[in-house]
Structures are given as C-alpha cells and as structure tokens.
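# Commentary on secondary and tertiary structure
The chain contents come next:
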Amino acid sequence: MISRLPKWVEAGAFVLAFIAGSVNAVGLLGFKHQAVSHVSGTATLLGTLLADSPLDALHLAGVIVSFLLGATLSGLLLNDNSLKLGRHYDSLLLIEALFLLATLWFLNEGQLYGHYLASAACGLQNALATTYSGAVVRTTHMSGIVTDLGIMLGQGLKRRGFDKRKAILFLLLIAGFISGGTAGGLLFEHFHFFALLLPVLLCLILALIYRLYRFKRRLTLNHQRSA
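Just so it is clear, the structure is predicted and the values come from calculations on it, not from any experiment.

### Details of the state of the cysteines
Counted under the stated rule, the structure contains zero disulfides. The thiol of Cys122 is not disulfide-bonded; the next cysteine sulfur, from Cys203, is found 9.3 Å away. Among the residues examined, Cys203 registers a relative accessible area of 0% and is labelled buried.

### Comments concerning unusual backbone geometry
A positive phi is found at His33, a non-glycine position, where the angle reads about 50°. Examined against the element boundaries, His33 turns out to sit in the loop between helix 1 (9–29) and helix 2 (40–49). If you check the backbone angles, His192 has positive phi at about 55° while not being a glycine. With respect to the element layout, His192 can be found in the loop between helix 7 (164–191) and helix 8 (197–226).

### Remarks on the pattern of salt bridges
One pass over the full model with this rule turns up three salt bridges. In this structure, Asp56 and Lys32 form a salt bridge, with 3.9 Å as the shortest nitrogen-oxygen distance. Of the two residues, Asp56 is situated in helix 3 (residues 54–77) and Lys32 in the loop between helix 1 and helix 2; the sequence distance between them amounts to 24 residues. On the accessibility criterion, Asp56 (32% relative accessible area) is partly exposed. A residue is classified by how much of its surface remains accessible, and Lys32, at 46% relative accessible area, is partly exposed. Across the pair Arg211 and Asp90 runs a salt bridge, and its minimum N-O distance is 2.7 Å.

### Re the packing of aromatic side chains
Enumeration over the complete set of coordinates arrives at five aromatic pairs. Measuring from centroid to centroid gives 5.1 Å for Trp105 and Phe106, while their planes differ by 80°, and the two rings are edge-to-face. Judged by its relative accessible area of 52%, Trp105 is exposed. Judged by centre distance (6.3 Å) and plane angle (70°), the rings of Tyr113 and Tyr116 are edge-to-face. With Tyr113 and Tyr116 both in helix 5 (residues 113–133) and three residues apart, this pair spans about one turn of that helix. Overall, Tyr116 belongs to the partly exposed group, its relative accessible area being 23%. Pairwise contacts between aromatic rings join Trp105, Phe106, Tyr113 and Tyr116 into one cluster.

### Re the packing of helix 3 against helix 4 (residues 89–108)
Where helix 3 contacts helix 4, the axes come no closer than 11 Å and their chain directions differ by 155°. The orientation of helix 3 with respect to helix 4, classified from their angle, is roughly antiparallel. Between helix 3 and helix 4 lies a crossing whose hand is right-handed. For the pair helix 3 and helix 4, the contacting residues are Leu73, Ser74 and Leu77 in the first and Leu92, Ile95 and Phe99 in the second. A per-class count over the contact of helix 3 with helix 4 returns five nonpolar, one polar and no charged.

Calculation criteria
Residues numbered from 1 in each chain as written. Predicted model: local features only at pLDDT ≥ 70, side-chain atom pairs only at ≥ 80, totals over all residues. Heavy atoms only, no water. Disulfide = S-S within 2.5 Å. Buried < 20%, exposed > 50% of the residue type's maximum accessible area, 1.4 Å probe, protein only. Helix = DSSP H or I, 4+ residues; strand = E, 2+ residues; numbered from the N terminus. Salt bridge = Lys/Arg side-chain N within 4 Å of Asp/Glu carboxyl O. Phe/Tyr/Trp six-rings, centres within 6.5 Å; stacked < 30°, edge-to-face > 60°. Axes fitted to C-alpha atoms, helices over the stretch in contact; angles between N-to-C directions. Parallel < 35°, antiparallel > 145°, perpendicular 65-115°, else oblique. Left-handed = near helix turned anticlockwise from the far one by under 90°. Contact = heavy atoms within 4.5 Å. Nonpolar A, V, L, I, M, F, W, Y, C, P; charged D, E, K, R; others polar.

Listed below in structure tokens is the structure:
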C-alpha cells in the first residue's frame, strides 16, 4: 500500500500531523483544557463524568459527535476509491481552515462552540488523510501509528521483513504531531487563541499546492493524449 503512494505523501503527512498537534495543543492549553484532535481520551473522560457531571459529559459528547460529523463531511465529498487524486481534497482543506477561523473567534469569545468546530476540523482532516492513503495515514492521533510501528519492529526482529518507507512515514507523523504541539504551545503563550492562525495558514498553503499539482497533472495528461 505504501509503495503505491506518491513521493510527496511524506511531506504532506508531516504537515497535516503538525496542524493537528498544534490545534490540539491550543485546545489543551485553552479554557476547559479540552483535547480536540482525538476521541479516545475524550470518550474515557465522558464515561467518568456521566454520573457526577452530566452537563460536562454532554459537552464531551458534543466534541465526539463533532469529530464524527467532520469525518462524515469528508466521506460525502471524497471519492470512494483511495489512492487516487480527487476533486475535493483542496476544498476540504479550505473548509478545515474556515472551521479553525471560526474556532478562533468562538474561543476568544469564551464559547464552547469553538471546541466543537476544532474537533470537526480534526475529524475532517483525519478522514481526508485516511481515505487517500487507504487507512495507512492517520494524522490527528498517534495511538494507531505507534501501534503499527511497534508491530513492524516486532516483525523486523523476527526477520519477517521491514518496510523502511512505511517506518519513515510513521516517524514523520509522530514528529509532526509533537512538533506541532510544541509550536502550538509556544504560540499560545504569546498570542493565546490567535495561535490557531498558524494551522489555518498551513491548511491554505496545502490547498493551494494541491490545486496547482492537480492543474499541472491535468495539463500533462492532456498533452500525452494529444501527442
């Protein structure tokens, strides 16, 4: 599966993981200290609060549902076939940027809707990367990535083969998420919720690069057909 992915996937995966890490850092450092880029921890916290604090539990349920709705939006816009260029990858990145801008506004106003929009942006992004890569690349949480890497290392120790490109991709995802968290934390100290402007800018840059890539590829294919 990894061998079928284009060469630029590693760079794109790193940037997407960086975006998710920075958004999650801002969520964790902001009011309510809410993680938004993954569901596992939120679901666990939801379970612990159901009996003692139903209002907080309801908020956490909203965060989880928002992640689901973001992924659903990606599923609606993307093609069923993975590993193929689609029309809406750049559109989804633009939507993610808009979600994050709205997140910035709501969080600055002290509104919980910011958490929902940030979670939806992460769900959208994770579904985008998962669909394109055939469920190999997940950018908003590292549990599955670290697990897959551990399985690969175990198989390698048994001399059952070791996919170096896949291992490098997983390491880049982990490094991207951690460095994004670092950048988000540092920016939050100085600019508070305006730290989200960095992931917004990165989403816009990725969308532009992807659109230019598709345009160049279309020109090349048209030239080959007419030759």
